Amino acid sequence: GAGVSQSPSNKVTEKGKDVELRCDPISGHTALYWYRQSLGQGLEFLIYFQGNSAPDKSGLPSDRFSAERTGGSVSTLTIQRTQQEDSAVYLCASSLGQGLLNEQFFGPGTRLTVL
Amino acid sequence: GENVEQHPSTLSVQEGDSAVIKCTYSDSASNYFPWYKQELGKGPQLIIDIRSNVGEKKDQRIAVTLNKTAKHFSLHITETQPEDSAVYFCAASRGSTLGRLYFGRGTQLTVWP
């Protein structure tokens, strides 16, 4: 594909439900990042993968948040027992993971609304 | 950890004027500084970046300057156009090839025709 894709583009859920957000990185990119953007705020780092392993998951706000990546490609971010404060745009980015620059290319995001 | 401060939070300019957005960072180990443009409803788009061994980089109407000693870097947009209107984010990273980005809080740029 031409760029990073994310699905769904919008997700409305009820408090207490679990949600799964998906990210398809640019083909050949070994590094994959998840960020969160709350209304009017900057981007908050959540976790990143190099291949299938996660060297840095320090940004996950609680144990309700988890992410996995299989086959070195697609990644899923799971939020269990959603809370209203989880409402935000969840952005995924990918990069080559090697070379000269840490250029991260972002997808369009998933807008999560927890009622 | 790294702390990136960005100013101003909002900026309005007349078409054709220049716009300057400034950022400071705290971690002297940071060595990669990208700038992103985010239009409404879209993901951030990388517009220009600079490494710590370079003081200035230019790409058409956009330029970035870096002062490692003072730990600040700036985005300069010349001959602004209405389509430059967007939110701009600066970021810093320790890893030149890999690793999380630390973002500023963004600048809403409005260019009036």
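Every chain is numbered on its own, with residues counted from 1 as its sequence reads. Both sets of labels track the order of writing: A upward for chains, 1 upward for ligands. Where totals are concerned, whole chains, interfaces and linings use all residues; where local detail is concerned, this predicted model gives features only for residues with pLDDT of at least 70, and gives and counts side-chain atom pairs only at 80 or more. Heavy atoms throughout the structure, all of them, feed into the side-chain values; hydrogens and water do not.

**A few points about the pattern of salt bridges**
Okay, step 1: Think of a salt bridge as a Lys or Arg side-chain nitrogen and an Asp or Glu carboxyl oxygen that are within 4 Å of each other. This model, assessed by the stated rule, comprises eight salt bridges over all chains.
Okay, step 2: Across the pair A:Arg36 and A:Glu44 runs a salt bridge whose closest N-O atoms are separated by 3.1 Å.
Okay, step 3: Residue A:Arg36 is classed as buried on the basis of its relative accessible area of 9%.
Okay, step 4: The rule is simple: take the accessible area with a 1.4 Å probe, protein chains only, and divide by the maximum for that residue type; under 20% is buried, over 50% is exposed, in between is partly exposed. The class for A:Glu44 is partly exposed, based on a relative accessible area of 34%.
Okay, step 5: By sharing partners, the salt bridges in this structure join B:Lys37, B:Glu39 and B:Lys42 into a single network.

**Some thoughts on the side chain of A:Thr78**
Okay, step 1: With respect to the helices and strands, A:Thr78 occurs in strand S8 (residues 75-79).
Okay, step 2: For this analysis, residues touch if any pair of their heavy atoms sits within 4.5 Å. Excluding anything up to four places from it in sequence, A:Thr78 contacts A:Val19, A:Glu20, A:Arg64, A:Phe65 and A:Ser66. Strands here are runs of E lasting at least two residues and helices are runs of H or I lasting at least four, both read from the DSSP assignment and numbered beginning at the N terminus.

**Section: the pairing of strand S2 (residues 10-14) of chain B**
All names here are of chain B.
Okay, step 1: Taking every second residue as pointing to the same face, the buried face of S2 carries Leu11 and Val13, while none of Thr10, Ser12 and Gln14 on the other face is buried.
Okay, step 2: Two strands qualify as a pair provided that DSSP identifies no fewer than 2 bridges between them. Relative to strand S11 (residues 107-112), S2 runs parallel, the two being bridged by five bridges. For Thr10, the partnering residue across the bridge sits in S11 and is Gln108.

**Digging into the state of the cysteines**
Okay, step 1: To count as a disulfide, a pair of cysteine sulfur atoms needs to be within 2.5 Å. Summed over all chains, the structure comprises two disulfides over all chains.
Okay, step 2: The side chain of A:Cys23 participates in a disulfide bridge whose partner is A:Cys92; the two sulfur atoms lie 1.8 Å from each other. Measuring the twist about the S-S bond at about -65 degrees, one finds the A:Cys23-A:Cys92 disulfide to be left-handed. Linking A:Cys23 in strand S3 (residues 19-24) with A:Cys92 in strand S9 (residues 88-95), this pair joins segments that are 69 residues apart in sequence. The same class applies to A:Cys23 and to A:Cys92, which are both buried.
Okay, step 3: Sulfur-sulfur distance for the disulfide between B:Cys23 and B:Cys90 comes to 2.0 Å. Between B:Cys23 and B:Cys90, the disulfide has an S-S torsion of -100 degrees and is therefore left-handed. With a gap of 67 residues between them, B:Cys23 in strand S3 (residues 19-25) and B:Cys90 in strand S9 (residues 86-92) connect regions that are remote in the sequence. For the residue pair B:Cys23 and B:Cys90, the accessibility class agrees, reading buried in each case.

**Remarks on the interface of chain A and chain B**
Okay, step 1: In this complex, chain A contributes 25 residues to the contact, which on the side of chain B involves 22 residues.
Okay, step 2: Here's the idea: put two parts together, see how much 1.4 Å probe accessible area each one loses, and the total over both is what we call buried area. Carbon and sulfur atoms supply 55% of the area that chain A and chain B bury against each other, a total of about 1,900 Å² over both sides.
Okay, step 3: If you sort the residues of chain A by the area they bury against chain B, A:Leu43, A:Leu101 and A:Asn102 come out on top, with a joint share of 28%.
Okay, step 4: The interface formed by chain A and chain B includes zero salt bridges.
Okay, step 5: Here a polar contact is recorded for every N or O atom pair within 3.5 Å, except that within protein the pair must consist of a potential hydrogen donor and a potential acceptor, and residues adjacent in sequence are included only if both atoms are side-chain atoms. Where chain A packs against chain B, one counts five residue pairs in polar contact (both at pLDDT 80 or more).
Okay, step 6: Secondary structure elements with two or more residues in the side of chain A that touches chain B: strand S4 (31-37), strand S5 (43-50) and S9 of chain A.
Okay, step 7: Following the grouping adopted for this structure description, the nonpolar residues are Ala, Val, Leu, Ile, Met, Phe, Trp, Tyr, Cys and Pro, the charged ones are Asp, Glu, Lys and Arg, and the polar ones are all others, Gly among them. The class makeup of the residues in the side of chain A that touches chain B is 11 nonpolar, 12 polar and two charged.

Note that all results are geometric; they support no functional claim without further evidence.
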